[in-house]
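Letter by letter, the chains look like this.
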Amino acid sequence: MLALVLAALRARRVQALTLVLLSTLAAAAAAAAPWYVLASTERIATRHVDNASIQERSLETIGEGPVEGGSVEAHMAAQSDLTQRIVGLSGFVTYTEAFLGGTAGTGSDQTAKGAGNDVRTTDSQLAVRGGACDRATFEGRCPSAADEVAVSYRTARWLRVKAGDTLTYTALNLTKPLQLKVVGVYRPDDPAAPFWSSNDQLVAKDLPTSAPPEMTEPVDDALLAAPALFDKSLTGMTIRTIVDMVAQPSLLVDNAPEDVSSSLSGATVAAGNNRLTLNTQLPATIDKVERDRQLVSLGVPVGAFQLLVLCWFALYLAVKYTGEERRPDIGLVKLRGATRLRTWALVSGQSALPMLLGALLGLPIGYLAATAVTGVIKDSAVNAQAASLSVGAAALAVVGALFAALLAERRALSSSVSELLRQASARSRIWRDLFDLLFVVLAVVAVYQVKSRASGDAAGLALLAPGLAALAFALVAARLITFSAGRMVEGALRHGRPARALTAIYLARRPGVHRLAALMIATVALLVTSALTWNSGRTAGETRAQLEVGADKVLTVRAENRLQLLNAVRAADPGGEHAMAAVESVRSNSDRVLLVDSTRLAKVATWRPEYGLSAERTAEILHPQAPAPVTMTGGELAVDYTGHFTDEDTNRVAFLDVVFANAKGVRVAARIGPLAEGRRTVRAAVPECAAAPGCRLSSLQVLQTTTDQKIFFAARPGIDLVVHGMTAGGQPVLSKEMLSDRTRWRLGVNGNPPNLIVTPVDDGLHLTVAPIRSGGISDPGVYPLDTPAPLASIRATKLQPRLVGDQRVSYGSVSISEQIAGTATALPRLGTRGVLVDLEYADRLGADFGAGESLQVWLNASAPASITKSLRDQGIIVLGEESIDGTAERYASFGPPLTLQFMLLSAVVGLALAIGAAVVVGAVERRPRARELGALRHQGAPAALIRRVGIEGYLVLAISSLLFGLILAAVLRAYIGDVLPYFADGWSAP
């Protein structure tokens, strides 16, 4: 029997090879699905954890009390071990800390040291953080003794201390202040890294409440101490200990999300029972991972099942057509008395052997295809699970294929010998029509569910709707093809067109033509629909990436302030062709603000239509012409002034601060005074401005201090001052003509009421301290008018409610008036709510010498790789990098895109199935069609007519199927749309 089966397969090699190919595709698709799903779940978990905010991928336990029995290091280690036992899960990186809350201030012995004499304080935590010395750069060294600390560069700048100075530290319950020696000034290597950002006690995020004007950045960073300080100086004190556990991707790769959620819920209770407070936002990330995994676990099997249905349909057609050719063989076998079982074995073996071979080939192909797309599975247990599921899925595909083959052969095996030898098939039975009708009804139900489902729901028949609709309505369209062909025969004969008539007869009367047409129509429709959905999703991902990133590449950097960033980028790219400085500011209860170097906007930013005006026009609006800034180069400033006191106060000492910004944006104040009655010329050293390019004048401020000159504040009424001129190195800085020109001066625009009345006089600028205002902080300065005011802005259309006439924009530490010069649907990096302003003008106008929440360097696609080194040479430290391509790829790695990707791959395989089925039809029909056409030739038909008829039938069938498939795809796309949204969070283009 086996020999007969093999002989039959050799006789019909093309059909057998096609069955092997179709079976291989079916088995490969089924085998790939489990690998794809389980590999995608690893990829999803990794992506979500890597991209979650630090708050959404970490947990902390907090303990409070005195350190009892042992050192503080042992106490932190014990809490760390306890926390890990309570959580009971691997996949975390753990950091420990102990801290005491208090206030650090400059000691009395610091008076007269440094640039100023005022005593300053910070609300800095005194902290022991394990491993901090290895993750920071020190000027000096890391503390080791019981009286040593290291302060951050921001805290040191504010307190005006350096290594070797002394700080006083006070705290509640401390019997006396601690005198601590500063042995180092530290700068975190990466403040955004989990080590520093997972704990709010280390790096300050906000300015202190009611911060003075000269405070331009958060300064309450932790004071790093050695464990010896806590062990010796804080014995018996109530301190807090913190254990920070930062989740790694392995947490949700090695553990099921529901198990992690359950463990965290139990850990919260267990922590409380052990006198610990557990805080975490990890469930938010777990929910995202679980949602995406469910989408992939539902969508990929649906796509695989849809492909399997097409596979079985194609195999059914292939076996059905091959069976038509075998009908005489079956008749002869039955005529010679073969038993029913042997007949079934002989016939089914010709389908079963190629299908089994296809299954063996399909298993490794499915594995290789899935891993090529999603990568290998790292967990060995998950690998074993995927392998077993893959074998089961391939077996299901083969069993379904065998069932389709037996169903196709059933009619021939049940026919009589006379019917089999007659070489003509019986008429189609009504149950096939009912089967088609059932498909149509099922498709209507699926489409209805899609149209009526709740937003974001993809359950039930919704994901199957395109496939069901395509196959069902393809059956209807195929019948329309055969029906139309039958109606064309009479007209073609009547008009003397025999070729058209013969082609129409072939399409109308050849058994199974409408099934083949239906398969081709359905696969074309599914391929086009899947490709359009995938392409629209990728386009949406690209759009979102462009909106969120802003330029081809954006570097997050560290700089001292906005001006240093601006000057450094301009120096690194002097032609302005590749790089642009930008600062993103996000203050609570305020609009997001993006400050950009507008002069480079058009060449660097990736500009989109949603931004309203063109990039060139936007730059013109944000950066109009303005007077040149006042600059000086020299190591000593001479000020010619006349002072007059209208209110005698023996306890008052007044000064004139001439405030500059040096090339690095650092605030430089030349303090003139104490001010005295009458006309005088006073000199002040400004060594920071001695070398080119010197310094830019920022403001003139009249300040007052107490007799001990420790606290400086805006002057009280009773002071008149006329500034006649300023020189540096014999060169004028402010001439009498400029000082007397009122159009060159402005008052502050930061929202604080001005403290001065400014009046130009013939010989200079007259400054009078204004009457006392009730409450609040006043602005003590007058500013050169070197920027347009109010600041021009472009706003996204969604505005916050504001008072009429009080439109303001907030960034850094200031809030200034703005003039809305244009609106847009969206803005780069800001979305549909935010403000775009010019960085250079905003920095000058704010005059706060501040930085911002996010300092950035935008680069276009043509930026050379060496520009990063050029930025470092200018003192800019690169902390991170993001790109449009990388962001788009990140979005493509989540659940919905992975599901859509599999459906597209399934549609491509489906098209290959349709081509394979058409090859089988052509191979089977080659001999009978040759006999038919040969008979026509013997009856006198021209050779050209025979050649045309032989080709035209297949050509018309293919073209008709293609057209109907495209029409069906357009209908499905227009009516159903995207069954599965590309973004699980519901994002849509503005």
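Residues numbered from 1 in each chain as written. Predicted model: local features only at pLDDT ≥ 70, side-chain atom pairs only at ≥ 80, totals over all residues. Heavy atoms only, no water.

Enquirer: I would appreciate a short explanation of the overall build of the protein in the present structure.
Expert: Across its full length, the protein carries 25 helices and 34 strands. Taken across its 990 residues, the protein has 53% of its residues classed as buried. A sequence separation of at least 24 residues applies to 82% of the contacts in the protein between residues at least 6 apart. A total accessible area of about 42700 Å² is found for the protein, and carbon and sulfur atoms account for 57% of it. (Helix = DSSP H or I, 4+ residues; strand = E, 2+ residues; numbered from the N terminus. Buried < 20%, exposed > 50% of the residue type's maximum accessible area, 1.4 Å probe, protein only. Contact = heavy atoms within 4.5 Å. Areas by Shrake-Rupley, 256 points an atom, 1.4 Å probe, with all protein chains shown as cover.)

Enquirer: Sorry if this is basic, but what is going on with the pairing of strand S28 (residues 781-784) here?
Expert: A regular strand places its side chains on the two faces of the sheet in alternate fashion. One ladder, built from two bridges, connects strand S21 (residues 695-705) with S28; its direction is antiparallel. In the sheet register, Leu700 faces S28, and the bridge partner there is Val782. Both strand S25 (residues 745-747) and S28 contribute to a ladder of three bridges, which runs antiparallel. Directly across from Arg746, in S28, lies its bridge partner Tyr783. (Pairing = 2+ DSSP bridges.)

Enquirer: Would you mind showing me how to read the pattern of salt bridges here?
Expert: When their charged atoms lie close together, side chains carrying opposite charge are able to pair. Across all of its chains, the model carries 33 salt bridges by this definition. Across the salt bridge formed by Arg696 and Asp843, the nearest N and O atoms sit 3.9 Å from each other. One end of the pair, Arg696, is in strand S21; the other, Asp843, is in helix H21 (residues 839-846), and 147 residues separate them in sequence. (Salt bridge = Lys/Arg side-chain N within 4 Å of Asp/Glu carboxyl O.)

Enquirer: Sorry, what's going on with a nonpolar patch on the surface here?
Expert: There is a patch of nonpolar side chains on the surface, built from Ile951, Leu955, Ile959, Leu962, Leu963 and Leu966 and spanning about 550 Å² of accessible area. Locating Leu962 in the fold gives a position in helix H25 (residues 943-975). For Leu962, a relative accessible area of 43% corresponds to the partly exposed category. (Patch = residues over 30% accessible without salt bridge, like charges linked within 9 Å, V, L, I, M, F, W, Y side chains within 5 Å.)

Enquirer: Could you clarify how one ought to interpret the pairing of strand S32 (residues 835-838) in this entry?
Expert: Burial along S32 is two-sided: Val835 and Val837 and Leu836 and Asp838, pointing in opposite directions, are all buried. Here four bridges tie strand S15 (residues 593-596) to S32, and the two strands are oriented parallel to one another. In the strand pairing of S32, Val596 is matched with Asp838. Relative to S32, strand S29 (residues 791-796) runs antiparallel, the two sharing two bridges. Directly across from Ile794, in S32, lies its bridge partner Leu836.

Enquirer: Looking at this structure, how should I read unusual backbone geometry?
Expert: Among all residues save glycine, negative phi is the norm, and among peptide bonds the norm is trans. A cis amide bond, omega 5 degrees, links Gly673 with the succeeding residue Pro674. Looking at the secondary structure, you find Pro674 in the loop between strand S19 (667-672) and strand S20 (678-685). Each neighbour pair has its own omega, and for Ala692 with Pro693 the value is 10 degrees, a cis peptide bond. If you trace the backbone, Pro693 turns up in the loop between S20 and S21. Notably, Arg160 is not glycine yet its phi reads approximately 60 degrees, a positive angle. Given the relative accessible area of 30%, Arg160 is considered partly exposed. With phi around 70 degrees, Arg829 is a residue other than glycine that occupies positive phi space.

Enquirer: Can you walk me through a negative patch on the surface in this structure?
Expert: Residues Asp647, Glu648, Asp649 and Glu677 make up a contiguous surface patch of negative charge. With respect to the element layout, Glu648 can be found in the loop between strand S17 (636-645) and strand S18 (653-662). (Lys, Arg positive; Asp, Glu negative; His and termini not counted. Charge placed at Lys NZ, Arg CZ, Asp CG, Glu CD.)

Enquirer: Just to check I follow, could you spell out the packing of aromatic side chains for this structure?
Expert: For any pair of aromatic rings, geometry is given as the distance between the ring centres together with the angle between the planes. Taken as a whole, this structure holds 13 aromatic pairs when the rule is applied. Centre to centre, the rings of Trp35 and Tyr367 are 4.7 Å apart; their planes meet at 70 degrees, and the pair counts as edge-to-face. Linking Trp35 in helix H2 (residues 13-51) with Tyr367 in helix H10 (residues 340-374), this pair joins segments that are 332 residues apart in sequence. We classify Trp35 as buried; its relative accessible area is 9%. Taking relative accessible area as the criterion, Tyr367 reaches 30% and is therefore assigned partly exposed. Seen in terms of ring centroids, Tyr36 and Phe902 are 5.0 Å apart; in terms of plane orientation they differ by 55 degrees. Their pairing is tilted. With Tyr36 in helix H2 and Phe902 in helix H24 (residues 895-938), this pair connects stretches of sequence that are 866 residues apart. Each of the two residues, Tyr36 as well as Phe902, counts as buried. One aromatic cluster is present, built from ring pairs that chain together Trp534, Tyr891, Phe894, Tyr982, Phe983 and Trp987. Here the basic side chain of Arg129 rests over the ring of Phe195, its NZ or CZ set 4.9 Å away from the ring centre. Over the ring of Phe712 we find Arg671; its NZ or CZ atom is 3.9 Å from the centre of that ring. (Phe/Tyr/Trp six-rings, centres within 6.5 Å; stacked < 30°, edge-to-face > 60°. Lys NZ or Arg CZ within 6 Å of the ring centre and 35° of its normal.)

Enquirer: Just checking my understanding: could you explain the side chain of Ser124 for this structure?
Expert: Within the secondary structure, Ser124 sits in the loop between strand S4 (121-122) and strand S5 (126-129). A polar contact of 2.8 Å, which involves the side chain of Ser124, links it to the side chain of Thr122. Residues contacting Ser124, with those up to four places away along its chain left out, are Gly102, Thr155, Tyr169, Val219, Asp220, Asp221 and Leu223. (Polar contact = N/O pair within 3.5 Å; in protein donor to acceptor, adjacent residues only side chain to side chain.)

Enquirer: How should I be thinking about the sheet that holds strand S14 (residues 579-585) in this particular structure?
Expert: Spatially, the nine strands line up as an open sheet ordered S30-S31-S29-S32-S15-S14-S33-S13-S34, and their pairing is mixed. Two strands bound the open sheet, and with one partner strand each, they are strand S30 (808-811) and strand S34 (877-883). Within the sheet, the average angular offset between the axes of one strand and its neighbour, ignoring direction, is 35 degrees. Of the pairings in the sheet, the one linking S30 to strand S31 (residues 814-824) comprises four bridges and is antiparallel in character. Bridge pairing in S31 places Val809 opposite Ile816. (Axes fitted to C-alpha atoms, helices over the stretch in contact; angles between N-to-C directions.)

Enquirer: Sorry, what's going on with helix H17 (residues 562-572) here?
Expert: Quick reminder: α-helices carry 3.6 residues per turn. Residues three or four places apart thus point the same way. Most of H17 sits inside the fold, with eight of its 11 residues counted as buried. Looking only at H17, the buried set comprises Arg562, Leu563, Gln564, Leu565, Leu566, Ala568, Val569 and Ala572. For H17, the N-terminal capping position is held by Asn561, with its side-chain oxygen 3.3 Å away from the main-chain nitrogen of Leu563.

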